[in-house]
Amino acid sequence: MSLVWVPLLAPFLAVPAARRLADALAPRRAAALLVCVAVGLALCTAAALALLMVPGASYLPWVAAAGELLTPLADGPPALTVGVSAVAAALLGASAAAVTVRLRAHRADLREARTRAGAFRGELAVVPDERPDAFALPGRPGRIVVTTAMLRALAPAERTALFAHERAHLRGRHHLPLAAVDLAARCHPALRGLRAPLGYALERIADEAAADAVGDRTLTARAVGRAALAGGPAPRPRTVLAATAGPVPRRVAALLGREVAARPAPRLRRAVAAGLLLCLVTTGAAELSAADTLHAHIEVAQGEWR
């Protein structure tokens, strides 16, 4: 059962590698990579904690009766086995509670934002507010929420680019991958490091869509920059996206073709990709091996081993 610890340690290696590789990929591929890594590692973490719970739980009479176990599934000294299982159960319960709380908070935030924008019909909801802000509010239908202060801060052509940016978020349903990584981060602390690069990748996707829609990359860059300069802290749901989010100077530089972010050389990029793939494959294989070992222990405890 020693391999069961691999999924709990792998995120500390996989997350830096995924971040590094995402910087070298196109925004859509980077977003897909980050979501897959986050969700996959979160599921492996939960499964590993569940596997660690079982040996200690087998000492409970009702568990032994339900599993028809003749002997406990000892994987070491009884005190240590029970202690590890108790810690694993506590961590798994805490993760489940954190995911539930975050889901409820997310729904509450969206309800509040929809109520705020509910008096307006159509795609655009203009909210009277002296704080410049604009964001894509998902739902049926999705809405572009913009404050009167933000409208005053931008020229008409820049507003068009801003609306095209937010429309791209709605069309791509970008709140879903962001919510998935946000929830995955509740399962393992290392996965929190994937949220910022995912947010950047999604903003870059929307930036490119806006540039294509208005046919002017310079105008789009100017709209993003001026919206960010005008904007500030504003009450918006955590998992919605706004044109003013993320590293705006880097986004503007990318739109203008002058991005200065250091990207790994092709050889290093291939090495990082190979390392990340090896880490993920090893994690999955370790999880399956640990599950198979536990199944063998159960058969022994049931007196069925031949």
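For the structure, see preceding data.
The structure presented is a predicted model; accordingly, all values stated were derived computationally and were not measured.

K.L.:
Explanation requested: the packing of helix 6 (residues 156–172) against helix 8 (residues 195–214) in the structure shown.
P.N.:
Each pair of packed helices can be described by the angle between their axes along with the distance between the axes. Close contact between helix 6 and helix 8 brings their axes to 8 Å; oriented N to C, the two are set at 125°. With respect to their mutual orientation, helix 6 and helix 8 come out oblique. The interaxial crossing formed by helix 6 with helix 8 has right-handed handedness. Across the interface between the two elements, Thr160, Ala161, Ala164, His165, Ala168, His169 and Arg171 from helix 6 touch Leu202, Glu203, Ala206, Asp207, Ala209, Ala210, Ala213 and Val214 from helix 8. Here the residues of the contact of helix 6 with helix 8 sort into nine nonpolar, three polar and three charged.

K.L.:
In this structure, what is going on with the pairing of strand 2 (residues 134–137)? I would like to understand it.
P.N.:
In regular strands, side chains alternate between the two faces of the sheet. Covered by surrounding structure in strand 2 are Ala134 and Ala136 together with Phe135 and Leu137, the residues of both alternating faces. The sheet contact formed by strand 2 and strand 3 (residues 143–147) spans four bridges and is antiparallel. Each residue of the ladder has a partner; that of Leu137, found in strand 3, is Arg143. Where strand 2 folds back on strand 3, the antiparallel hairpin that results is connected by five residues, among which Gly139 adopts a positive phi of roughly 155°.

K.L.:
Teacher, can you tell me more about the sheet that holds strand 3 here?
P.N.:
Through backbone hydrogen bonds, the strands of a sheet pair up, either in parallel or in antiparallel fashion. Strand order across the open sheet formed by three strands is 1-3-2, with mixed pairing between neighbours. With partners counted over all chains shown, the strands left at the sheet margins are strand 1 (124–127) and strand 2, one partner each. If you compare each strand with its neighbour and ignore which way they point, the axes differ by 20° on average. In the packing of helix 6 onto the sheet, the strands contacted are strand 1, strand 2 and strand 3, and the crossing angle to strand 2 comes to about 25°.

K.L.:
How should I be thinking about the packing of aromatic side chains in this particular structure?
P.N.:
Describing an aromatic ring pair means giving the distance of the ring centres and the angle of the ring planes. Scanning all chains against the criterion turns up zero aromatic pairs. The positively charged end of Arg250 is found above the aromatic ring belonging to Tyr200, 4.1 Å away from the centroid.

The rules behind the values
- Residues numbered from 1 in each chain as written.
- Predicted model: local features only at pLDDT ≥ 70, side-chain atom pairs only at ≥ 80, totals over all residues.
- Heavy atoms only, no water.
- Axes fitted to C-alpha atoms, helices over the stretch in contact; angles between N-to-C directions.
- Helix = DSSP H or I, 4+ residues; strand = E, 2+ residues; numbered from the N terminus.
- Parallel < 35°, antiparallel > 145°, perpendicular 65-115°, else oblique.
- Left-handed = near helix turned anticlockwise from the far one by under 90°.
- Contact = heavy atoms within 4.5 Å.
- Nonpolar A, V, L, I, M, F, W, Y, C, P; charged D, E, K, R; others polar.
- Buried < 20%, exposed > 50% of the residue type's maximum accessible area, 1.4 Å probe, protein only.
- Pairing = 2+ DSSP bridges.
- Phe/Tyr/Trp six-rings, centres within 6.5 Å; stacked < 30°, edge-to-face > 60°.
- Lys NZ or Arg CZ within 6 Å of the ring centre and 35° of its normal.

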